[in-house]
Amino acid sequence: MTAEAAAGATAAAGARGRIGSVALVIGGIISLQFGASVAVLLFPRAGALGVVTLRLVAASLVLLIICRPKLRGHTRGDWATVLAFGVALVAMNSLFYEAIDRIPLGAAVTLEFLGPLILSVATSRRLLSLVWAALALGGVVLLGREGFDGLNLVGAAFALAAGGLWAMYILLSARTGQRFPQADGLALAMTVAAVLSLPLGIATAGAALLNPVTLGLGAAVALMSSVLPYTLELLALRKLPASGFAVMMSLEPAAGATAGFLVLHQSLGWAEVLAIGLVVVASVGAVRSAGKAHA
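Just so it is clear, the structure is predicted and the values come from calculations on it, not from any experiment.

**Overview of the overall build of the protein chain**
Helix and strand content of the protein chain: 11 helices and 0 strands. Mapped from its N terminus to its C terminus, the protein chain presents α and β elements in the order α-α-α-α-α-α-α-α-α-α-α. Taken over 295 residues, the protein chain has a buried fraction of 51%. Here the contacts in the protein chain between residues at least 6 apart in sequence split such that 89% fall between residues at least 24 apart. Of the accessible surface of the protein chain, which amounts to about 13200 Å², a share of 70% is contributed by carbon and sulfur atoms.

As structure tokens, this is what we get:
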């Protein structure tokens, strides 16, 4: 094989890898937002923090069984990364669930997205990324326009704080994926998050956590909102630049609006449809730009 042919094959393999990573991220986004819709339906049974506990405990058990991560052979830096990742997971989820317990799902996801959006601009070295980020921001603001009327300020503050932790999650997920094989690091971090959430969940929900129906729905939320999306994102971040991944998160409000329409019966107006188009264009443009920068 000539050098040109080898280079062409490498470029083709890289393109396929990026496309595969994009598919993983989109799958994770859809799963996460539909899981959030189911979680809202579960709040009357166990409360926001109770649902977080059910979600994290169930997800950690599933991941531990599937991954069976090794506890030996890791450095202090590895364990520090897992610990930080676990703290970010429990804090991000708790704040977001407290937010959607007070404000509409679309508005909460819109505000939370500001964290990854700022990260995408801060980590990208291409001027064009500012254009895609601005386009995504326009779509996000347009999508949340109707949901911001009479917005609960406490809920909005929770969503903004969750956005800051979401940006931290992106960085820590990428670092964990580099230090641990497969999804082992995620399984360990999820276990840390589950342990940290238990006192809060028990204090707020108590015996309601043991109700069979609540447990079943909590397990469904765990699979949809934790196991599937976090695993897919962890794998995607091994080949997709953090800047491109962060802007792709602009699809979250669109997915949230769709999930809200199908599960929570929230209608979509022309503004929401236009916003979905804007964020899709921004996401595709960001990924294409990231691919050219790393070609």
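**Points about the packing of helix 3 (residues 105-112) against helix 6 (residues 153-179)**
The contact between helix 3 and helix 6 brings their axes to 7 Å, and the two run at 45°. Compared by their axis directions, helix 3 and helix 6 come out oblique. As for how helix 3 packs across helix 6, the hand of that crossing is right-handed. Mapping the contact onto sequence places Ala108, Leu111 and Glu112 in helix 3 and Ala156, Ala159, Leu160, Ala162, Gly163 and Trp166 in helix 6. The class makeup of the residues in the contact of helix 3 with helix 6 is 7 nonpolar, 1 polar and 1 charged.

**Brief notes about the environment of Thr53**
Its location among the elements puts Thr53 in helix 1 (residues 3-67). Taking C-alpha positions, Thr53 is 8.8 Å from Ser94, a pair spaced 41 residues apart along the chain. When neighbours within four sequence positions are excluded, Thr53 is seen to be in contact with Ser197, Leu198 and Gly201.

**As for the packing of aromatic side chains**
A complete count under the given rule lists 3 aromatic pairs for this structure. Ring geometry for Phe96 against Tyr97: centres 6.2 Å apart, planes inclined by 55°, an arrangement best described as tilted. By relative accessible area, which is 8% here, Phe96 ends up buried. Look at Tyr97 and you get buried, because its relative accessible area is 0%. Here the aromatic cluster, defined as three or more aromatic residues joined through ring pairs, consists of Phe43, Phe96 and Tyr97.

**Overview of empty space enclosed by the protein**
The probe, sized like a water molecule, is rolled over the atoms to show the empty space still left. Counted according to the given criterion, the structure contains 1 cavity of 30 Å³ or more. In this structure, the largest cavity encloses a volume near 170 Å³. Taken together, 15 residues make up the lining of the largest cavity; nearest its centre are Leu32, Arg55, Met92, Glu112 and Tyr230. Going through the elements one at a time, helix 1, helix 2 (76-100), helix 6 and helix 8 (212-236) are the ones with two or more residues in the lining of the largest cavity. Of the residues that constitute the lining of the largest cavity, the class distribution is 9 nonpolar, 2 polar and 4 charged.

Calculation rules
- Residues numbered from 1 in each chain as written.
- Predicted model: local features only at pLDDT ≥ 70, side-chain atom pairs only at ≥ 80, totals over all residues.
- Heavy atoms only, no water.
- Helix = DSSP H or I, 4+ residues; strand = E, 2+ residues; numbered from the N terminus.
- Buried < 20%, exposed > 50% of the residue type's maximum accessible area, 1.4 Å probe, protein only.
- Contact = heavy atoms within 4.5 Å.
- Areas by Shrake-Rupley, 256 points an atom, 1.4 Å probe, with all protein chains shown as cover.
- Axes fitted to C-alpha atoms, helices over the stretch in contact; angles between N-to-C directions.
- Parallel < 35°, antiparallel > 145°, perpendicular 65-115°, else oblique.
- Left-handed = near helix turned anticlockwise from the far one by under 90°.
- Nonpolar A, V, L, I, M, F, W, Y, C, P; charged D, E, K, R; others polar.
- Phe/Tyr/Trp six-rings, centres within 6.5 Å; stacked < 30°, edge-to-face > 60°.
- 1 Å grid on protein atoms, 1.4 Å probe; cavity = no way out; pocket = protein on both sides within 12 Å on 5 of 7 lines; lining within 4 Å.
- Points joined across faces, edges and corners; volume = space filled by probe spheres on them.

In short, geometric facts, not functional conclusions.
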